[in-house]
Every structure is written in C-alpha cells, then in structure tokens.
Amino acid sequence: MLNIKYDIVGSFLRPSQIKTARAQYANGEISLAELRTVEDEAISDLVEKEVTHGLKFVTDGEFRRRWWHLDWLKEFDGFTTKHLTKEHNGVLNHIELGYITGKISYNPDRSHPEIEAYDFLHREAQKYPGITAKKCISGPNMILVDNYLQLGIKEVPHYGSDVERLIEDIAIAYQNAIKDLYAHGCRYLQIDDTSWTYMIDERFLQKVASLGYEKNEVLDWFQRVSTKALEGRPDDMVIATHFCKGNFKGNPLFSGFYNTVAPIISQIPYDGFFVEYDDERSGSFEPWAVLKGSDATFVAGLISTKNPELESLEDIKRRYSEVKAVVGNNIALSPQCGFASVEEGNCIDEETQWKKIDLLVSCKDFL
C-alpha cells in the first residue's frame, strides 16, 4: 500500500551548473568523473531543499538524465537509441527514440549508471531522519511504444515478428532490475509510463491503425508486460505508477480522456496511481471509480508543472473533494508531472517551481 498524503512526481528544473557541465562534457572539455562531481553537488543541494520545503519523499530530480525514460531503458541489453529531428508546435527539436537490437535482458552484475545514481540519492536521503528516497524509472511499455509505434519497426533482431516472446523477456528484465534496486536499498519505486495516454489520443490512434495494429491489441501488450514485470516483487517494496499526457519542454503531447484505459490500468497490481488532472483535458474523475474499495492509492495530479500560474488553495481543495467522492478515502495529492521531463525543463522558472512545491505541502491540512 502507498501510505502517503502528498508527493512529487520526480524531476526538477536542472540548475545552470549542471547544464554548463553537461555541455562541457559533450564537448570533451571535462571528464565524466568531473561531470559526476557537479551532479553530486547539485543533487545534494536539491535533496536538502526538498526536505526544507517539507517533502517526505525525495528524488534526485533526474539531474543525471537527458530524458525521463531513455536513460533508464538504456540499462537493458538489447536496446539502444537513435537521434532524430522532429517538428513540434512549429519548432524543430532534436530527439531520441529507442529500438530493439537483440535479446532484452538486465544484467545485475555489470555497472549500471542508474543504480549508482540511486545509491547516491539513498545516501543523501539517509542524512535526514524520516526521509525516504524514491527511485523513478520508465516502464516496460515504453520499449514497445518507441520501437513499434514511434519508429514503426515490425521485424526486430532475435525476435523477428514474435511480440509474445519479446513481452516475456522485457517483463523478466524488469523483474531482475526491480530486484537489483531492492538489493541496493530501494523500497519506494515509481514506474513512469506515458504509453497509456498515447492510446487515448485520436491522432496517435490513427498512426497505430496505419501501422496495422488495433487499439485493444496494443493495450493488451501493455497490460500483460506491465503485470508480469511486477511478478516476484519484494513484499516490502512499494511500487507506484505515473502517467500524464506527455511533457516535452512544458508542452503536452496528447489529449483525450481516461475512460478506455482506466479499467485496464487499474488491474495492474500497483500500490498507487499518479494521474494527471491539472486541466480540462483530463475529463472527469469517474473512470477511476474502479479503484474505490481497493488497496491502491489514487494520487490526483491537480497542480500543473507546465503552467506558471499558481493554483488556488480553495480550487485544489474543491477538486480534491470531487476526487474523494469518486475514488474514496485512499487518495493523495501531487503535481501532474515532473518539472523537467527533458533536461531543458518546462517553461517555468525555479522560483515558480518551489512555489508549486510549497503549495502542495500547504495542502496537508485538509488531505
């Protein structure tokens, strides 16, 4: 059970020293060890600030990552990425997409930057009594989304067209990764997964159909691989999931309501569901009535990390009551997403970021 009243989703705006150091590293001006030193100092400062602002669960802000999802997915053997240029909202953006290169597996015996990142965060969190380090990773569905639905690759090395065998291997790889994180002390894991909101967007569904897939077929892939990925999880490890409608430099990527996916997602044995509800694009809370009476916590993302305007306490209180009426008492509050899904960050400033965190924490009186 996810026993919380409020929490963050994960990422924070990257401080200038990290952006400078990452550019220097890319240009060969500093070593990886020197970059890590800059990151360590920034993460240490961030954790202290998170605690000072009243957060009980802290993250490293994803300060070591370029992308919210790909840096984690690169920890799996048989997966890599390619760089592309893609237009969005009239702007050309440099992006990466992942694809399958061989058998998907996770080897706990080799070095993993994401595990080392958690080790550092865990040590920092232990400096503060009552504070828990939360690790955020991207979900197994994102491998399928990038390879099959974004890049449109149907025949892949090692698997050919056998999606069933691939789903089995992805799930086993996640099982092993979860056990590795647990061995390193992780007791609170958040699996981020925007794949579900790809599948409520009519424009993207047109692309799915053009590739020869049916919506229900793809949703079945997602449900099976996500469910199997959690098999064998340690009993005392809390695992939640988060999904929003995309967040690229503060811009949403998808639109639509949760009606068709909520009944499927809610069957996956997560302890908590962080769901975006910061504006009218999300619709009503009714699809999540399926969680009422369950042990799972519904975490309402009522505070925007994209819109610099500060929400009113009264408005949050009103909407929180609406959630409670639908889902029951097992609910909590959070922002709708992180503040920086990519290293450039959302279109807000750091002062606004922390005002949003303070607003979140100030709601504890009525949660």
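The sections below set out a description of the structure shown in this document.

Conventions and cut-offs
- Residues numbered from 1 in each chain as written.
- Predicted model: local features only at pLDDT ≥ 70, side-chain atom pairs only at ≥ 80, totals over all residues.
- Heavy atoms only, no water.
- Helix = DSSP H or I, 4+ residues; strand = E, 2+ residues; numbered from the N terminus.
- Rg over C-alpha atoms; globule rule 2.2 N^0.38 Å.
- Buried < 20%, exposed > 50% of the residue type's maximum accessible area, 1.4 Å probe, protein only.
- Areas by Shrake-Rupley, 256 points an atom, 1.4 Å probe, with all protein chains shown as cover.
- Lys, Arg positive; Asp, Glu negative; His and termini not counted.
- Charge placed at Lys NZ, Arg CZ, Asp CG, Glu CD.
- Expected span 1.5 Å × (residues − 1).
- Arc of directions from axis to C-beta.
- Contact = heavy atoms within 4.5 Å.
- Salt bridge = Lys/Arg side-chain N within 4 Å of Asp/Glu carboxyl O.

**Quick notes on the overall build of the protein chain**
Helix and strand counts for the protein chain stand at twelve helices and ten strands. The globule rule puts the C-alpha radius of gyration for 367 residues at 21 Å, and the 19 Å found for the protein chain is close to it. Expressed along its principal axes, the backbone C-alpha trace of the protein chain runs to roughly 55 × 50 × 45 Å. Within the protein chain, the fraction of its 367 residues that count as buried is 59%. Of the roughly 14800 Å² that the protein chain leaves accessible, carbon and sulfur atoms contribute 49%. When the 41 positive and 57 negative side-chain charges of the protein chain are each reduced to one mean point, those points stand 1 Å apart.

**Examining helix 9 (residues 215–229)**
The terminal C-alpha atoms of helix 9, which comprises 15 residues, lie 21 Å apart, in line with the 21 Å expected from a rise of 1.5 Å per residue. Where helix 9 is concerned, the buried positions are Val218, Leu219, Trp221, Phe222, Val225, Ser226 and Ala229. For helix 9, the arc enclosing every buried residue in end-on projection is 150°, short of the 170-degree limit, so these residues lie on one face. In this fold, the buried residues of helix 9 make contact with helix 5 (141–150), helix 6 (163–183), helix 7 (195–198), helix 8 (202–210) and helix 10 (262–265).

**Here's the deal with the pattern of salt bridges**
For the structure on display, the rule yields 30 salt bridges. Close ionic contact of Glu114 with Lys135 constitutes a salt bridge, the shortest N to O distance being 2.5 Å. Of this pair, Glu114 sits in helix 4 (residues 113–125) while Lys135 sits in strand 5 (residues 135–138), and the two are 21 residues apart along the sequence. Taking relative accessible area as the criterion, Glu114 reaches 7% and is therefore assigned buried. Salt-bridge contacts for Glu311 lead to Lys356; the nearest nitrogen and oxygen are separated by 3.0 Å. With Glu311 in the loop between strand 9 (297–303) and helix 11 (313–327) and Lys356 in helix 12 (residues 350–362), the pair connects residues that are 45 residues apart, well separated along the chain.

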